[in-house]
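Read off the chains here:
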Amino acid sequence: MPPLDTDRDSTLRSELRKRLDSIFQEDGPNEQKETAPVENKNEMHPLDSLKSAVLSLDWEISDEVTGKFVEQAENFLRRYKADKVLSVFLQILYALGKYIRRYKGRSHPGSTKLVSTTFDGLVKVFDGGLSESEKRNLLNSTVDEFMKLKKTIIDEKKKVPLPEVREVEISEISKKSIHQLLMELGVLMEAEFEKIRDEIRALNKPQT
Amino acid sequence: MAFINLKKKEVQVKIVYYGPGRGGKTTNLEYIFKKFQDRIKTDMVTIKTQGDRTLFFDFLPLGLGQIKGYNIKIQLYTVPGQVKYNATRKLVLMGVDGLVFVADSLVERKQQNIESLSNLRENLASYKKDISEIPLVLQYNKRDLAKNDIPLLPVSVLQEDLNSKLNAQAFEASAVEGKNVTETMKQIIFLTVASLERELK
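Read on for a plain summary of the structure.

Parameters and conventions
Residues numbered from 1 in each chain as written. Chains lettered and ligands numbered in written order. Predicted model: local features only at pLDDT ≥ 70, side-chain atom pairs only at ≥ 80, totals over all residues. Heavy atoms only, no water. Contact = heavy atoms within 4.5 Å. Buried area = accessible area lost by both parts, 1.4 Å probe. Salt bridge = Lys/Arg side-chain N within 4 Å of Asp/Glu carboxyl O. Helix = DSSP H or I, 4+ residues; strand = E, 2+ residues; numbered from the N terminus. Nonpolar A, V, L, I, M, F, W, Y, C, P; charged D, E, K, R; others polar. Buried < 20%, exposed > 50% of the residue type's maximum accessible area, 1.4 Å probe, protein only. Phe/Tyr/Trp six-rings, centres within 6.5 Å; stacked < 30°, edge-to-face > 60°. Lys NZ or Arg CZ within 6 Å of the ring centre and 35° of its normal. Core = buried A, V, L, I, M, F, W, Y, C linked by side-chain atoms within 4.5 Å. Expected span 1.5 Å × (residues − 1). Polar contact = N/O pair within 3.5 Å; in protein donor to acceptor, adjacent residues only side chain to side chain. Axes fitted to C-alpha atoms, helices over the stretch in contact; angles between N-to-C directions. Parallel < 35°, antiparallel > 145°, perpendicular 65-115°, else oblique. Left-handed = near helix turned anticlockwise from the far one by under 90°.

A closer look at the interface of chain B and chain A
Inference 1: Contact with chain B, which involves 46 residues of that partner, is made by 44 residues of chain A.
Inference 2: Roughly 4,100 Å² of surface becomes buried between chain B and chain A when both sides are summed, with 51% attributable to carbon and sulfur atoms.
Inference 3: When the buried surface of chain B facing chain A is broken down by residue, K68, N167 and F190 of chain B rank first, second and third, together holding 17% of it.
Inference 4: Linking chain B with chain A are 1 salt bridge.
Inference 5: A salt bridge links K186 of chain B to D21 of chain A, with the nearest nitrogen and oxygen atoms 2.9 Å apart.
Inference 6: Top contributing element to the side of chain B that touches chain A by residue count: helix α5 (residues 181–194) of chain B, with 10 residues.
Inference 7: Taken together, the residues that form the side of chain B that touches chain A break down as 21 nonpolar, 11 polar and 14 charged.

Set out below in structure tokens:
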């Protein structure tokens, strides 16, 4: 059996990182020590601002925090729209953000948890070093989680028919608004899901 | 737009260092050239005025060799920072693939940084390009001057002034000392070439 061609599996990003590190290595034996940078990097990760919005959301769900999170997700979505994998992760974050912003304390507890795991996946893909198949697996499992949550939310809302004793207390207006709420949620999640499904379809399409 | 020659399997990427005058754009390129001269084996082209200011642009070509079967060539440019040379800046920006905005950390340069970034947006807009859609790295230069008790803008202020909407990666740097000059360059090359990933498959 021939040896595995690891180069073929590695992504352009990881190859690029390795090449840049090897050409522009500053601490090599040929370097003049006096010109080498000596202090710490103080580097800021490009996803830092989104990370801080994710952490804030985990701590507090307010208009300000959810608004900031949606804004950040939208900004990043615009910036990385050319990268199909990153943009699917960001679309999920954007969709979850919009949902949490709308329903706040009433949003499903799984939604904030999914924000954190989706963000972790986004960072892994962003930093490179994953093979194409690893990226795809990560993306697919995140999309699956998102679909599962969507289904759970819709199912739970459907089950909501209130106990009979309380039913008499609910006015026609309240019933209508609950129904309206359910319909809106369904439409919102369906639209976001359709967008993500299109992206996945495009990604799975064999390259010509 | 990057020049991709599918027949010759060659990719040419243009990266421009932008920012206010005397901010350290040329010093960035000079550092890279001096530091890696032996490895990159190219010449740096620079056109200066008598006062040692960049008149037209600095140009430093780099070769990364073959990656995924493509020969990757990088062209680093600077623009003249002085306000009066906007026509030149606009010209150098033509076909840009990635940007480094070199901000000056001196307190008195706060306004010039903001104006230069705004000028960059305008010049890109004239090519129907949106700054938020181009690979971008910010560099907060001259951080070494803090050692000499020269008042510098805190990084949080620079972030607020320049990066609150852009969310670009930012480095604190000292071009004269070489601190984070290479990191800035590596990151912008990485982001720019990675943005072409789809075209290179």
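A word on the pattern of salt bridges
Working definition: two side chains of opposite charge can pair if their charged atoms are close together.
Inference 1: Within this structure, the stated rule accounts for 13 salt bridges over all chains.
Inference 2: Notably, a salt bridge pairs E10 of chain B with K73 of chain B, separated by 3.6 Å at the nearest N-O pair. Linking E10 of chain B in strand β2 (residues 10–18) with K73 of chain B in strand β5 (residues 70–78), this pair joins segments that are 63 residues apart in sequence.
Inference 3: A salt bridge links E177 of chain B to K147 of chain B, with the shortest nitrogen-to-oxygen separation between them at 2.6 Å. Separated by 30 residues along the polypeptide, E177 of chain B in the loop between β8 (169–172) and α5 and K147 of chain B in the loop between β7 (136–141) and α4 (155–163) bring together distant segments of the chain.
Inference 4: Exposure remark for E177 of chain B: the relative accessible area of 29% places this residue in the partly exposed category.
Inference 5: Through salt bridges with shared partners, a single ionic network connects D21 of chain A together with E183 and K186 of chain B.

A word on the packing of aromatic side chains
Inference 1: Within this structure, the stated rule accounts for 5 aromatic pairs over all chains.
Inference 2: Seen from their ring centres, F59 of chain B and Y77 of chain B are 4.9 Å apart, and the 50° between their planes marks the pair as tilted. Of this pair, F59 of chain B sits in strand β4 (residues 54–67) while Y77 of chain B sits in strand β5, placing them 18 residues apart in sequence. Y77 of chain B matches F59 of chain B in its accessibility class, with the two residues each being buried.
Inference 3: Of the aromatic side chains, those joined through ring pairs into one cluster are F76, Y80 and F126 of chain A.
Inference 4: Positioned above the aromatic ring of F190 of chain B is the side chain of R17 of chain A, whose terminal nitrogen or guanidinium carbon lies 3.7 Å from the ring centre.

Structural notes on the nonpolar core
Inference 1: Judged by nonpolar contacts, the single largest core of 83 residues is most densely connected at L64, I74 and L76 of chain B.
Inference 2: Ranked by size, the runner-up nonpolar core spans 26 residues in total, among them F59, V96, V155 and L158 of chain B.

Observations regarding helix α5 (residues 84–103) of chain A
All names here are of chain A.
Inference 1: End to end, α5 covers 29 Å across 20 residues, agreeing with the expected 28 Å (1.5 Å per residue, within 8%).
Inference 2: The buried count for α5 comes to 16 of 20 residues, which makes it a mostly enclosed element.
Inference 3: Sitting at the amino-terminal end of α5 is D83, which places a side-chain oxygen 3.2 Å from the backbone nitrogen of V85.

Quick notes on the packing of α5 of chain A against helix α7 (residues 132–159) of chain A
Residue and element names in this part refer to chain A.
Inference 1: Put simply, α5 and α7 touch, their axes get as near as 10 Å, and they point 20° apart. Between α5 and α7, the angle falls in the class roughly parallel. You can see that α5 and α7 cross each other, and the crossing is left-handed. Contacts between α5 and α7 pair V85, V88, F89, I92, A95, L96 and Y99 from the former with K135, L138, L139, T142, V143, F146, L149 and I153 from the latter.
Inference 2: Taken together, the residues of the contact of α5 with α7 break down into 13 nonpolar, 1 polar and 1 charged.

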